[in-house]
Amino acid sequence: MSVPSLDHLEPPKVGATLQALRQSQGLSLDELSRRAGVSKSMLSQIERNQANPTVAVVWRLANALRVELSELLGGERAAAPAIETVAAHATPSMSSPDGLCQLRILGPIDLAGQFEWYELTVQPGGALESAAHEPGSREHLSVLSGSLRVEAGGSTRTLNAGETARYAVDGPHAIRHLSAAGQAQAEPAVALLVVLHP
């Protein structure tokens, strides 16, 4: 039985993959060098395929870029599942200081600051009051149950279940429950809130 020759095999060239990953994350050679503990000159040589890094260096680079070792070596990104799910208990949420408003964060964290959506629950007497967002930002509020009042741009609108309001939020704005706290038979209002940043 003959042993195949390894003379024709070359080590994987990680240069193009390294450069693409670094640039996609907006990292300079200096920043990646600092994060990975690999000299800038070595990084430059690796990216130009003038040097083959050791396994230890590849491991440090993969950790600094937060990717799998195989992705850096093979240039293949791990396949995402066809359907990704988030359990109810794993959905992050935040509450207003008085506890009368709760926002369940439904959107992925990597879209924060661009496109965000929440499930908003407002108890009687509660109000979600917000400072101005950056110019050009808009909110879309769709009431699922109960009634809410929107205040934005000097105007006020009341929304009932099934209704949607769209409004600019580059000034102070608020979403309020129509019932006062402690009012008999008042139920919480539930809505979907979408925030679009420019």
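Just so it is clear, the structure is predicted and the values come from calculations on it, not from any experiment.

*Asks:* Which parts of the structure should I look at to understand the layout of surface pockets?
*Replies:* One simple way to see leftover space: roll a probe sized like a water molecule over the atoms. Volume-wise, the largest pocket comes out at about 190 Å³. Lining the largest pocket, in full, are E84, V86, A90, T91, P92, I105, L106, G107, P108 and I109. A breakdown of the residues in the lining of the largest pocket according to their chemical character gives seven nonpolar, two polar and one charged. What the second largest pocket holds in volume is close to 150 Å³.

*Asks:* Got a minute to help me understand the side chain of S179 in this structure?
*Replies:* Here S179 lies in the loop between strand 9 (173-177) and strand 10 (189-196). For S179, the contacting residues outside a window of four places in its chain are P124, G125 and A186.

*Asks:* Just checking my understanding: could you explain the environment of Y167 for this structure?
*Replies:* Among the secondary structure elements, Y167 is positioned in strand 8 (residues 164-168). Apart from the residues within four sequence positions on either side, Y167 is in contact with S137, R138, E139, L141, V150, A152, I175 and L193. Within the local environment of Y167, its side chain forms a polar contact with the side chain of E139, the two groups lying 2.8 Å apart.

*Asks:* What is the right way to read the sheet that holds strand 5 (residues 138-145) from this model?
*Replies:* Strand pairing in a sheet relies on backbone hydrogen bonds, with the paired strands running either antiparallel or parallel. Here six strands make up an open sheet; going across it, the order is 1-2-3-10-5-8 and the pairing antiparallel. Single-partner strands in this sheet number two, and they are strand 1 (93-95) and strand 8. Ignoring strand direction, the axes of neighbouring strands in this sheet form an average angle of 20°. Judged from the three bridges that link them, strand 1 and strand 2 (residues 101-105) form a sheet pairing that is antiparallel. Considered in strand 2, the bridge of M94 is made with L103.

*Asks:* What's the story with the packing of aromatic side chains in this structure? I'm lost.
*Replies:* Here the distance between the centres and the angle between the planes together describe a pair of aromatic rings. On inspection of all chains with the given rule, the structure shows one aromatic pair. Measuring from centroid to centroid gives 5.1 Å for F115 and W117, while their planes differ by 55°, and the two rings are tilted. Relative accessible area serves as the criterion here: at 33%, F115 is assigned to the partly exposed category. Given the relative accessible area of 29%, W117 is considered partly exposed.

*Asks:* Looking at this structure, I do not really get helix 2 (residues 29-36). What am I missing?
*Replies:* Note that an α-helix has 3.6 residues per turn; residues three or four places apart therefore point the same way. For helix 2, every residue scored as buried is listed here: L29, L32, S33 and A36. For helix 2, the angular spread of the buried residues around the axis is 105°, confining them to a single face. As for helix 2, its buried residues are in contact with helix 1 (15-24), helix 3 (40-47) and helix 4 (55-65). One or two residues past the end of helix 2 sits G37, with phi positive at roughly 70°.

About the cut-offs
- Residues numbered from 1 in each chain as written.
- Predicted model: local features only at pLDDT ≥ 70, side-chain atom pairs only at ≥ 80, totals over all residues.
- Heavy atoms only, no water.
- 1 Å grid on protein atoms, 1.4 Å probe; cavity = no way out; pocket = protein on both sides within 12 Å on 5 of 7 lines; lining within 4 Å.
- Points joined across faces, edges and corners; volume = space filled by probe spheres on them.
- Nonpolar A, V, L, I, M, F, W, Y, C, P; charged D, E, K, R; others polar.
- Helix = DSSP H or I, 4+ residues; strand = E, 2+ residues; numbered from the N terminus.
- Contact = heavy atoms within 4.5 Å.
- Polar contact = N/O pair within 3.5 Å; in protein donor to acceptor, adjacent residues only side chain to side chain.
- Pairing = 2+ DSSP bridges.
- Axes fitted to C-alpha atoms, helices over the stretch in contact; angles between N-to-C directions.
- Phe/Tyr/Trp six-rings, centres within 6.5 Å; stacked < 30°, edge-to-face > 60°.
- Buried < 20%, exposed > 50% of the residue type's maximum accessible area, 1.4 Å probe, protein only.
- Arc of directions from axis to C-beta.

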